[in-house]
Amino acid sequence: MSQIRRASRLTVTLGLLAVLSVPAIAEGHGSVRHSGGDPGEGIGRDISRETLPADDGWAAADGGTTGGAAADDAHVFTVRDRAGLARALDGGSDTPKIIRIVGTIDANTDDRGNRLDCADYATDGYDLKKYLSAYDPRTWGSAKPSGPQETARQASARRQAERVELPVGSNTTLVGVGARAVLKGAGLKVDNAENVIIRNLELRDAYDCFPVWQPNTGGLGDWKAAYDNLWLRGARHVWIDHVTASDAGHPDADEPTYFGRNFLRHDGLLDITNGSDLVTVSWSRFADHDKAMLIGNGDTAVSDRGKLRVTLHHNEFDSIVQRAPRVRFGQVHLYNNRYVVPPDAHDYRYSLGVSTESAVYAENNAFTTPGHVEAADLVKSWNGTALHATGTLFNGFPVDLLAINNSYNSGSERDLTPDVGWIPTLHGPVDSAREADRAVARGAGAGKAL
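Being a predicted model, the structure only gives us computed values, none of them experimental.

Definitions and cut-offs
- Residues numbered from 1 in each chain as written.
- Predicted model: local features only at pLDDT ≥ 70, side-chain atom pairs only at ≥ 80, totals over all residues.
- Heavy atoms only, no water.
- Helix = DSSP H or I, 4+ residues; strand = E, 2+ residues; numbered from the N terminus.
- Buried < 20%, exposed > 50% of the residue type's maximum accessible area, 1.4 Å probe, protein only.
- pLDDT = per-residue confidence, 0-100.
- Contact = heavy atoms within 4.5 Å.
- Core = buried A, V, L, I, M, F, W, Y, C linked by side-chain atoms within 4.5 Å.
- Disulfide = S-S within 2.5 Å.
- Pairing = 2+ DSSP bridges.
- Axes fitted to C-alpha atoms, helices over the stretch in contact; angles between N-to-C directions.

Enquirer: Please explain unusual backbone geometry as it appears in this structure.
Expert: Negative phi values dominate among residues other than glycine, just as trans dominates among peptide bonds. That bond from Ala-324 to Pro-325 is cis: its omega, 0 degrees, falls within 30 degrees of zero. Take Pro-325: it is sitting in the loop between strand S21 (316-322) and strand S22 (326-327). For Asn-274, which is not a glycine, the phi torsion comes out positive at approximately 50 degrees. For Asn-274, a relative accessible area of 30% translates into the label partly exposed.

Here it is as structure tokens:
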């Protein structure tokens, strides 16, 4: 584990106590327990008032990131269900707050904790079979869906969104308690908020019951899902640490094919868009997903210039098809990350996406792939011009990723230059790719030692 992570342990004040027993938490639907000093279940120390260490990536710039560390005792909550979590989030208010999640919280539940499935959200006569019949490209053509079934789909989607989209406001720390804190089925949104910390939490299966058919996407059309596990939209100063994000429970690979395209139920695992800025993502695990991470949401979003400054370090990308990440605009420091492509990943496309005006500074990352995935497959460029890539380890051997990309890219892609116009300064010691590979395999994700 890198020296900065070991150092962060020493910053914990001596007043934080180890948990010796399970605390009593109020029972009942939508219960929220106010708890000013008890760290909760099954964890050796209270991490909820910890702040981002100095120099730990872009989120440490311009005053750093403290989340809800300044919260008074009345705004420290321990929650066990969706209703309690929604109440603690307070509609995304800016009030300093600390929210501790205990156990598994399912966003697809009503206010009494009863499980809701897709049929419970469907309204106005929405029916998937009727939807497929109405918008079959062989009869509907390439026009955007409209009419009764699309209107009913939209109404049904709004009903689900009211349940599963949960806003995280400014000055908030959201942490999992112990080794098995899970937020299931939710789409967390940090929307035009700042100073947010999310740690030690598994974000699982942001499942969209009502994907929309987009006839012209990709030329052949495609299904579009609505929810990211975590979406930073116009967010500033955000630290995401020891988070696990995946589709666990409902992998898209198990979904049927309609109109020749996979019926996608999930969007991104973590998207950082719409001018978000000063973000650090560390020691997290992204797994079993197609499009994992988007930084910058459009080639024409010139307002993103000077923003989208993101650090990704000591993260694991396991069984990710693409976007790990894909970057438009933005200065992104990508170091000491671990990439694993499994032997059966025949749909693998790429890991690093270099797009319009991106400035990715990649160093000492490790990739493990099966024989059908070559080093030349790891990078994909769309209108990109530059990529700094040094210290790369590919299946145990050092490679010059930039030279390989430029030698083997398609004729439609320009060669990338190594000068991205900046050199990162906000970071701890950069381990060798081999050391980082071992450390990340042991320590990335929710429930691991912090």
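Enquirer: Explain the confidence of the model for the chain to me, please; I cannot follow it from the model alone.
Expert: For any part of a model where pLDDT is low, the fine detail of the predicted coordinates should not be relied upon. The predicted model of the chain has a mean per-residue pLDDT of 90, with 89% of residues at 70 or higher. In this model residues 1-43 is a low-confidence stretch, pLDDT under 50, and it forms 102 contacts with partners more than four residues away in sequence or in other chains.

Enquirer: In this structure, what is going on with the nonpolar core? I would like to understand it.
Expert: Across soluble globular proteins, nonpolar side chains have a tendency to be buried as a group. Of all hydrophobic cores here, the largest spans 87 residues; its most connected members are Leu-85, Val-190, Leu-230, Leu-232, Leu-270, Phe-286 and Ile-295. Beyond its immediate stretch of four places on either side in the chain, Leu-232 contacts Val-190, Val-238, Ile-240, Leu-270, Asp-271, Ile-272, Thr-273, Ser-276 and Val-279. Counting eight residues, the second largest nonpolar core, distinct from the first, contains Leu-278, Ala-386, Val-420 and Trp-422.

Enquirer: Just checking my understanding: could you explain the environment of Phe-286 for this structure?
Expert: Here Phe-286 is to be found in strand S18 (residues 285-291). Taking the C-alpha atoms as reference points, Phe-286 and Ser-246, separated by 40 residues in sequence, lie 6.0 Å from one another. Residues contacting Phe-286, with those up to four places away along its chain left out, are Ala-245, Leu-269, Leu-270, Val-281, Met-293, Asn-315, Glu-316, Phe-317, Asp-318 and Ile-320.

Enquirer: Sorry, what's going on with the state of the cysteines here?
Expert: Working definition: the covalent bond between the sulfur atoms of two cysteines is a disulfide. With the rule as written, the count across this model stands at one disulfide. Each sulfur of the disulfide joining Cys-118 and Cys-209 lies 2.1 Å from the other. Torsion about the S-S bond of the Cys-118 and Cys-209 cystine: about -80 degrees, corresponding to left-handed handedness. Of the two residues, Cys-118 is situated in helix H3 (residues 118-121) and Cys-209 in the loop between strand S9 (194-204) and strand S10 (212-214); the sequence distance between them amounts to 91 residues. A relative accessible area of 25% means that Cys-118 is categorised as partly exposed. Given the relative accessible area of 8%, Cys-209 is considered buried.

Enquirer: When you look at the sheet that holds strand S19 (residues 293-295) in this model, what are you seeing that I'm missing?
Expert: Strand pairs in the sheet, formed through backbone hydrogen bonds, run parallel or antiparallel to each other. Pairing within the open sheet is parallel, and its eight strands lie in the order S5-S8-S12-S16-S19-S22-S25-S28. Among the strands making up the open sheet, the edge pair consists of strand S5 (165-167) and strand S28 (379-381). Taken together, the three bridges between S5 and strand S8 (residues 187-191) define a ladder with parallel strand orientation. Directly across from Glu-165, in S8, lies its bridge partner Gly-187. Against the sheet, helix H6 (residues 148-164) engages S5 and S8, with an angle of about 40 degrees to S5.

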